[in-house]
Amino acid sequence: MTLGLAFRKAGVNKKTSTYMILIQSIMNPIGIGIGWIMADKGPLYTGIFVSISVGTFIYISTMETLTEEFSISQYKWEKYSIFLVAIAFVSSLWFVDYGVGGD
């Protein structure tokens with residue numbers, strides 16, 4: 001649904017967006033299958049796939065969400081303060097993981 005709305009907002013025609021959504025719906029199970037197969041292959045593979053996932057989330061949050069939110073000047077300092085709190089919280093999770101004996 002989100003992908004369809006993004007295509008509509010961008011002005012992509014219906015035929016092209018249908019093909020793109022179809023490709024996406026096929027790629028999702030393939031990606032899940034590859035992840036399932038590679039899950040027990042060792043820490044190197046796990047690290048590579050986790051890094052790709054984290055990189056994707058960082059890209060989306062910085063290039064899509066943050067730029068859109070900070071382009072609106074209303075509540076700019078409040079948004080910035082909450083953003084810094086969120087960074088501190090996520091960063092502190094490493095210390096929590098380390099404290100409870102995580103790898």
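Summary of the structure given here.

Rules and cut-offs
Residues numbered from 1 in each chain as written. Predicted model: local features only at pLDDT ≥ 70, side-chain atom pairs only at ≥ 80, totals over all residues. Heavy atoms only, no water. Phe/Tyr/Trp six-rings, centres within 6.5 Å; stacked < 30°, edge-to-face > 60°. Helix = DSSP H or I, 4+ residues; strand = E, 2+ residues; numbered from the N terminus. Buried < 20%, exposed > 50% of the residue type's maximum accessible area, 1.4 Å probe, protein only. Patch = residues over 30% accessible without salt bridge, like charges linked within 9 Å, V, L, I, M, F, W, Y side chains within 5 Å. Areas by Shrake-Rupley, 256 points an atom, 1.4 Å probe, with all protein chains shown as cover. Salt bridge = Lys/Arg side-chain N within 4 Å of Asp/Glu carboxyl O. 1 Å grid on protein atoms, 1.4 Å probe; cavity = no way out; pocket = protein on both sides within 12 Å on 5 of 7 lines; lining within 4 Å. Points joined across faces, edges and corners; volume = space filled by probe spheres on them. Nonpolar A, V, L, I, M, F, W, Y, C, P; charged D, E, K, R; others polar.

So, about the packing of aromatic side chains. This model, assessed by the stated rule, comprises three aromatic pairs. Between the aromatic rings of Phe 70 and Phe 83, the centroid separation amounts to 6.2 Å while the plane-to-plane angle is 80 degrees, which identifies the pairing as edge-to-face. With Phe 70 in helix H3 (residues 43-70) and Phe 83 in helix H4 (residues 76-99), this pair connects stretches of sequence that are 13 residues apart. A residue is classified by how much of its surface remains accessible, and Phe 70, at 29% relative accessible area, is partly exposed. Aromatic pair Trp 94 and Phe 95: ring centres 4.9 Å apart, planes at 80 degrees, arrangement edge-to-face. What makes Trp 94 exposed here is its relative accessible area of 52%.

Time to look at unusual backbone geometry. The phi dihedral of Tyr 75 is positive, around 60 degrees, even though this residue is not glycine. Within the secondary structure layout, Tyr 75 lies in the loop between H3 and H4.

With that settled, the discussion passes to a nonpolar patch on the surface. Taken together, the side chains of Tyr 19, Leu 22, Ile 23, Ile 26, Met 27, Ile 30, Ile 34, Leu 44, Tyr 45, Ile 48, Phe 49 and Ile 52 make up a nonpolar region of the molecular surface, amounting to roughly 1,200 Å² of accessible area. Those elements that provide at least two residues to the nonpolar patch are helix H2 (14-38) and H3. The biggest single contributor to the nonpolar patch is H2, with seven residues. Looking at where Ile 52 falls in the secondary structure, it is placed in helix H3.

This brings us to the layout of surface pockets. Approximately 170 Å³ is the volume found for the largest pocket. Looking at the largest pocket, the residues that line it are Val 54, Phe 57, Ile 58, Ser 61 and Val 90. It is H3 that contributes the most residues to the lining of the largest pocket, four residues altogether. Across the lining of the largest pocket, the residue classes tally to four nonpolar, one polar and no charged.

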